[in-house]
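Take a look at the letters that make up each chain.
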Amino acid sequence: MAMNENLEEVKADIQQTDESSKVNIAENNEVEKGEESITAKVAERLHFFFSDANLRIDKFLRREILNQESEGFIPIETLLRFNTIKKFTTNPVDLVKAVKCDKCCSILKLNEDETSIARKVPFTPDMMKDNVKLTLRVSDIPVDSTGEYAVYKITREDLSNLFQEFGNVALVRLLHMNSKNGKRCQIALGKAFVEFESVTSLENAVKELCVPLSGDEEADKNLKPKRILEMNGNKLRVKTMQQWLDEKSKKFGTKHGSNETNTYHFEKKHPREEETENEVKIEESTFTIDWKPGCVISMKGLPESCDREMIISSITEFIGDTSKVRADYSRGLKDGKIRFEEPNDKIKDLASKLNDGSITIGDTKIDSASILEGDEEKLYYKQFIAFRQKQQNIRKDERARKKFRYQRGRGRR
């Protein structure tokens with residue numbers, strides 16, 4: 001009898017242990033699923049923030065990425081202050097995981113100590129014009145006009161999902177106009193721009209939704225697309241951004257003309273400025289540099305861990321004073337330059353020592369080093385000056401717009 005009771009107690013203990021194990025496993029699974037969910041959500045935001053589409057309109061991120069000092073890297077602590085990231089996490093580790101996940105690992109990278117994030121393919125100022133070949137202009141989007149001001153009946157996500165069948169949608173911009181009675185509100189125009197990630201995706205949509213215009217207005221009026229998309233009972237009218245710009249060119253002249261369509265882009269603006277014609281005139285200033293021949297060493301085969309600080313620290317012992325020496329280099333590239341402000345006797349010797357491995361970058365002997373000459377040297381300085389000019393104009397534009405907003409604010413008091 002006692003033995004039976006003992007057996008029952010052992011069985012009960014085993015069952016209880018088994019149940020506890022199941023609970024622990026379930027709890028661990030839930031934690032893992034939660035972590036995966038956070039990683040996926042953060043990855044989606046990082047994928048968007050660093051995309052071509054967003055950087056064309058996000059002046060803050062674009063300015064930081066184009067800043068030569070940053071080498072294209074954005075500190076994780078900065079990204080954690082973004083509202084749509086901090087609502088998911090405030091832990092830097094989650095951003096590191098997101099960069100390494102499948103969605104981001106092919107387009108984003110971390111710095112050596114995993115405190116900053118950058119694109120693998122650098123964003124350059126000439127990419128500002130690429131949105132035209134990727135974008136559709138959509139009209140007759142449903143709006144609710146029953147209130148004081150018209151508002152959209154749909155969201156950006158709704159419109160994005162509608163066009164997703166043709167390819168990945170990079171950006172949707174619902175268009176508004178400002179109210180004219182001085183109130184801080186916007187009126188829905190029933191129009192939007194839908195930008196795809198690839199030209200192929202746009203072409204897929206164009207084949208189905210757009211009418212190939214012949215230039216004959218009367219004949220074009222009778223043309224119909226293969227398909228017409230609908231939202232809330234509204235039939236949407238779709239054309240390419242290029243078609244829309246060409247129409248504006250024909251109607252208004254060269255102000256919106258085809259010669260300028262390749263540089264047409266949007267900027268993120270204060271709500272009261274969006275879709276207005278107000279522009280700040282910026283006094284252009286030209287960046288110049290009084291460069292001397294024989295002052296640039298070109299290096300090939302730099303190590304993967306290389307950065308500007310490593311280059312400068314590697315040559316400091318030989319050069320001595322490096323206050324007038326610059327490393328022109330971006331992380332992840334195999335080639336870079338060392339630029340001196342003035343000619344000196346050590347430049348030739350430094351190139352020679354880099355070539356024979358007497359001086360290494362980090363602990364790595366580079367493939368080759370040579371002093372730029374002739375057309376190659378001229379091209380280097382031409383590209384360097386153009387890059388610095390664009391940086392200067394971006395900063396000046398930002399200062400001018402801030403001044404403009406400040407003056408408008410004072411005028412409303």
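Above: the structure in question.
Report follows, based on the coordinates. From a predicted model like this one, the values you see are computed outputs, not experimental measurements. (Residues numbered from 1 in each chain as written. Predicted model: local features only at pLDDT ≥ 70, side-chain atom pairs only at ≥ 80, totals over all residues. Heavy atoms only, no water.)

## Considerations on the overall build of the protein
- Broken down by element type, the protein carries 14 helices and 15 strands.
- Considering only intrachain contacts with a sequence separation of at least 6, the fraction spanning at least 24 residues in the protein is 69%.
- Of the roughly 24600 Å² of accessible surface on the protein, 49% is carried by carbon and sulfur atoms. (Helix = DSSP H or I, 4+ residues; strand = E, 2+ residues; numbered from the N terminus. Contact = heavy atoms within 4.5 Å. Areas by Shrake-Rupley, 256 points an atom, 1.4 Å probe, with all protein chains shown as cover.)

## Regarding the packing of helix α12 (residues 308-319) against helix α13 (residues 346-356)
- Relative to each other, α12 and α13 sit at 125°, their axes nearing to 11 Å. It follows that α12 is oblique to α13 by the angle criterion. Classified by chirality, the crossing of α13 by α12 is right-handed. Every residue of α13 that contacts α12 at Ile-315, Phe-318 and Ile-319 is listed here: Lys-346, Asp-349, Leu-350 and Lys-353.
- Here the residues of the contact of α12 with α13 are counted per class, giving four nonpolar, no polar and three charged. (Axes fitted to C-alpha atoms, helices over the stretch in contact; angles between N-to-C directions. Parallel < 35°, antiparallel > 145°, perpendicular 65-115°, else oblique. Left-handed = near helix turned anticlockwise from the far one by under 90°. Nonpolar A, V, L, I, M, F, W, Y, C, P; charged D, E, K, R; others polar.)

## Topic: the sheet that holds strand β2 (residues 108-110)
- In spatial order, the strands read β1-β3-β2; together these three strands make up an open sheet with antiparallel pairing. Unpaired on one side and paired on the other, β1 (74-75) and β2 mark the two borders of the sheet.
- On top of the sheet, helix α6 (residues 92-100) reaches β2 and β3 (116-119); it is set at about 135° to β2, its chief contact. (Pairing = 2+ DSSP bridges.)

## Observations regarding the sheet that holds strand β12 (residues 296-300)
- An order of β13-β14-β12-β15 is seen for the four strands of this open sheet, with the pairing classed as antiparallel. In this open sheet, the two strands that pair with only one neighbour each are β13 (325-328) and β15 (368-371). Between one strand axis and the next, the sheet turns through 20° on average, direction left out of account.
- The sheet strands contacting α12 are β12, β13 and β14 (335-340), and the helix crosses β13 at an angle near 145°.

## Some points on the environment of Val-96
- The topology assignment puts Val-96 in helix α6.
- Ignoring anything within four residues of it in the chain, the contact list for Val-96 reads Ile-76, Leu-110 and Glu-114.

## As for the environment of Asn-344
- For Asn-344, the location among the structural elements is in the loop between β14 and α13.
- One polar contact links the side chain of Asn-344 to the main-chain amide nitrogen of Lys-346, over a distance of 2.8 Å.
- Separated by 3.3 Å, the side chain of Asn-344 and the backbone nitrogen of Ile-347 make a polar contact. (Polar contact = N/O pair within 3.5 Å; in protein donor to acceptor, adjacent residues only side chain to side chain.)

## Section: the nonpolar core
- Within the largest apolar cluster, 33 residues are counted, with the highest numbers of intra-cluster contacts made by Leu-46, Phe-50, Leu-79, Ile-85, Leu-95 and Ile-117.
- The set of elements that each furnish at least two residues to this core consists of α1 (2-49), α2 (52-57), α3 (59-66), α4 (76-79), α6, β2 and β7 (169-178).
- In this structure, Ile-154, Leu-159, Ala-192 and Val-194 belong to the second largest nonpolar core, which totals 30 residues. (Core = buried A, V, L, I, M, F, W, Y, C linked by side-chain atoms within 4.5 Å. Buried < 20%, exposed > 50% of the residue type's maximum accessible area, 1.4 Å probe, protein only.)

## Details of the environment of Ile-85
- Looking at where Ile-85 falls in the secondary structure, it is placed in helix α5 (residues 83-86).
- In this structure the C-alpha to C-alpha distance between Ile-85 and Leu-95, which are 10 residues apart in sequence, comes to 9.1 Å.
- Ignoring any residue separated from it by four or fewer positions in sequence, one finds Ile-85 in contact with Arg-45, Leu-46, Phe-49, Leu-79, Leu-80 and Leu-95.

## Looking at the pattern of salt bridges
- Enumeration according to the criterion identifies 15 salt bridges in this entry.
- The salt bridge involving Asp-130 is made with Lys-133; its shortest N-O contact spans 3.9 Å.
- In this structure Lys-133 comes out as partly exposed when scored by relative accessible area, which is 47%.
- One salt bridge in this structure joins Asp-290 and Lys-292, with 3.5 Å as the shortest N-O distance.
- Using a relative accessible area of 25% as the deciding quantity, one classes Lys-292 as partly exposed.
- The structure contains a network of salt bridges with shared partners spanning Glu-69, Glu-71 and Arg-308. (Salt bridge = Lys/Arg side-chain N within 4 Å of Asp/Glu carboxyl O.)

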